[in-house]
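Fold and contact review
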Amino acid sequence: MDATFNASNVSALPGHENRRPTQQEAEDAVRTLIAWAGDDPTREGLLETPGRVARAYGEFFSGYGQNAADVLSKTFKDVGGYDDIVLLKDIPFHSHCEHHMVPFFGKAHIAYLPHDGVVGLSKLARLVDVFAKRLQTQENLTAQIIDAVNENLNPRGAAVMLEAEHMCMTMRGVHSHGVTTVTHRFTGVFAEEREERDRFFAFIGKR
Ligand SMILES: Nc1nc2c(ncn2[C@@H]2O[C@H](COP(=O)(O)OP(=O)(O)OP(=O)(O)O)[C@@H](O)[C@H]2O)c(=O)[nH]1
Ligand SMILES: [Zn+2]
């Protein structure tokens, strides 16, 4: 995360002009939240918690230190002339909503019709993580994934669908359990031809 940390991201944070907050400052912020929640950050069980939370944040938000172009940089053309749909379904993802900073999680389905070669299958799952491991809305996550596929693979078409449960709707607020939010976007041939969209839905078992 350090390597690509963009200091301008925190320029609006008083006392942090042009620098990333230190680990110590992050841990102090966690202690403040613990006290604000009503507990005692100095009691034994909570002493190491700020450090753990900071480390966990490093994992939850590791996407800020990654970019899609790196993940999708290596493509293969030696695929026997295969140019039909490539589809990964049920890619699990965990993200955090940018409104409440609590998790939303579910499955992503990504398809593309190759034009300039194909990409390693694991890279599409990694691509989801590049953007999921940031503060997000589900709509933005959907758009960023398909934009990255288009920019880096130049396919004849791409399709992305996300299905997720938002803990900010389950654990708090409206307390609506079991609600699945579905977002999707189609580009190229998938946007133009209903038949291709229907194939996508059929492959992911939605019709
Ligand atoms: N469109 C969209 N909304 C989201 C997403 N994640 C959370 N939200 C919603 O963001 C909204 C924020 O609404 P606000 O009224 O500003 O905040 P709030 O008072 O905490 O809202 P409630 O959740 O209704 O209690 C809520 O309706 C959330 O359900 C997302 O990925 N996409
Ligand atoms: Zn939320």
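From a predicted model like this one, the values you see are computed outputs, not experimental measurements.

This paragraph deals with the site of ligand 1. Lining the immediate surroundings of ligand 1 are Cys97, His99, His100, Thr137, Gln138, Glu139, His166, Cys168, Met169, Arg172 and Gly173. Contacts to ligand 1 include His100, whose side-chain N or O atom sits 2.6 Å from an oxygen atom. Within the side chain of His166, one N or O atom sits 3.4 Å away from a nitrogen atom of ligand 1. Look at ligand 1: alone it shows 620 Å² of surface, and the protein chains cover 50% of it. Only helix H5 (138-153) and helix H6 (167-170) provide two or more residues apiece to the shell around ligand 1. Along the lines of polarity and charge, the residues of the shell around ligand 1 split into 3 nonpolar, 6 polar and 2 charged.

The UniProt entry lists Cys97, His100 and Cys168 under the feature "binding site: Zn(2+)" (unreviewed entry), expressed in the numbering used here. What stands out for the annotated residues spanning 72 residues is how close their C-alpha atoms remain, the widest pair being 7.8 Å apart. The residue Cys97 is located in strand E2 (residues 86-97) in this model. Not counting residues up to four positions away in its chain, the partners in contact with Cys97 are Val102, Phe104, Leu135, Gln136 and Cys168. Tracing the backbone through its elements, the reader meets His100 in the loop between E2 and strand E3 (103-113). If we ignore the near neighbours within four places in the chain, the residues touching His100 are Cys168 and Arg172.

With that settled, the discussion passes to the sheet that holds E3. The strand order across the open sheet built from 5 strands is E5-E2-E3-E6-E7, with neighbouring strands paired in mixed fashion. Edge positions in the open sheet fall to strand E5 (135-136) and strand E7 (181-188), since each of these has one partner strand only. Bridge count between strand E6 (residues 157-166) and E7: 8 bridges; the pairing is antiparallel. Each residue of the ladder has a partner; that of Gly157, found in E7, is Gly188.

It is worth spelling out the coordination of the zinc ion (ligand 2) at this point. Within the protein, Cys97 (SG), His100 (ND1) and Cys168 (SG) serve as the donor atoms for the zinc ion (ligand 2), at 2.1 to 2.4 Å. Mapping the donors of the zinc ion (ligand 2) onto the primary sequence yields the spacing C-x2-H-x67-C.

Once that is clear, we can look at the confidence of the model for the protein. Of the residues in the protein, 93% have a pLDDT of 70 or more, and the chain-wide mean is 93. Across the interfaces of the predicted complex, the ipTM metric reaches 0.86, alongside a pTM of 0.91.

We now examine a nonpolar patch on the surface. Together, Tyr57, Phe60 and Met101 make up a nonpolar patch on the protein surface, roughly 260 Å² of accessible area in all. Checked against the element boundaries, Phe60 lands in helix H2 (residues 49-60). The exposure class assigned to Phe60 is partly exposed, which follows from its relative accessible area of 34%.

Turn by turn, an α-helix covers 3.6 residues, leaving residues three or four places apart pointing in a common direction. If you check H2, its first and last C-alpha atoms are 16 Å apart, about what 12 residues at 1.5 Å a residue would give, namely 16 Å. Looking at the buried residues of H2, the elements they touch are helix H1 (23-37).

Once that is clear, we can look at the pairing of E6. A large share of E6 lies buried, amounting to 9 of its 10 residues. Pairing of E3 with E6, which is carried by 10 bridges, proceeds in the antiparallel orientation. Across the sheet, residue His109 finds its bridge partner in E6, namely Met161.

For the rest of this paragraph, the subject is the pattern of salt bridges. Should the charged atoms of two oppositely charged side chains come close, the side chains can pair. Following the criterion strictly, the structure yields 8 salt bridges and no others. Asp39 is paired through a salt bridge with Arg43; the nearest N and O atoms lie 2.8 Å apart. In this structure, the salt-bridge partner of Glu196 is Arg199, at a minimum N-O distance of 3.1 Å. With Glu196 and Arg199 both in helix H8 (residues 194-203) and 3 residues apart, this pair spans about one turn of that helix. Overlapping salt bridges, with partners in common, bring together Asp84, Glu196 and Arg199 in one network.

This part covers the nonpolar core. If you look at the biggest cluster of nonpolar residues, it comprises 31 residues, and the most contacted ones within it are Phe93, Tyr112, Leu124, Leu127 and Ile145. Looking at this core, the elements that each hand over two or more residues are helix H3 (68-71), E2, E3, strand E4 (118-119), helix H4 (121-132), H5 and E6. Ile145 has contacts with Ile110, Leu127, Val128, Phe131, Val160 and Leu162, leaving out every residue within four places of it along the chain. By size, the runner-up hydrophobic cluster in this structure holds 11 residues, among which are Ala111, Ala159, Phe186 and Phe190.

So, how was this worked out
Residues numbered from 1 in each chain as written. Chains lettered and ligands numbered in written order. Predicted model: local features only at pLDDT ≥ 70, side-chain atom pairs only at ≥ 80, totals over all residues. Heavy atoms only, no water. Near = heavy atom within 4 Å. Polar contact = N/O pair within 3.5 Å; in protein donor to acceptor, adjacent residues only side chain to side chain. Areas by Shrake-Rupley, 256 points an atom, 1.4 Å probe, with all protein chains shown as cover. Helix = DSSP H or I, 4+ residues; strand = E, 2+ residues; numbered from the N terminus. Nonpolar A, V, L, I, M, F, W, Y, C, P; charged D, E, K, R; others polar. UniProt positions renumbered as here; feature names shortened; annotations may be inferred. Contact = heavy atoms within 4.5 Å. Pairing = 2+ DSSP bridges. Donors = N, O, S within 2.8 Å, 3.2 Å for Na, K, Ca; no water. pLDDT = per-residue confidence, 0-100. Patch = residues over 30% accessible without salt bridge, like charges linked within 9 Å, V, L, I, M, F, W, Y side chains within 5 Å. Salt bridge = Lys/Arg side-chain N within 4 Å of Asp/Glu carboxyl O. Buried < 20%, exposed > 50% of the residue type's maximum accessible area, 1.4 Å probe, protein only. Expected span 1.5 Å × (residues − 1). Core = buried A, V, L, I, M, F, W, Y, C linked by side-chain atoms within 4.5 Å.

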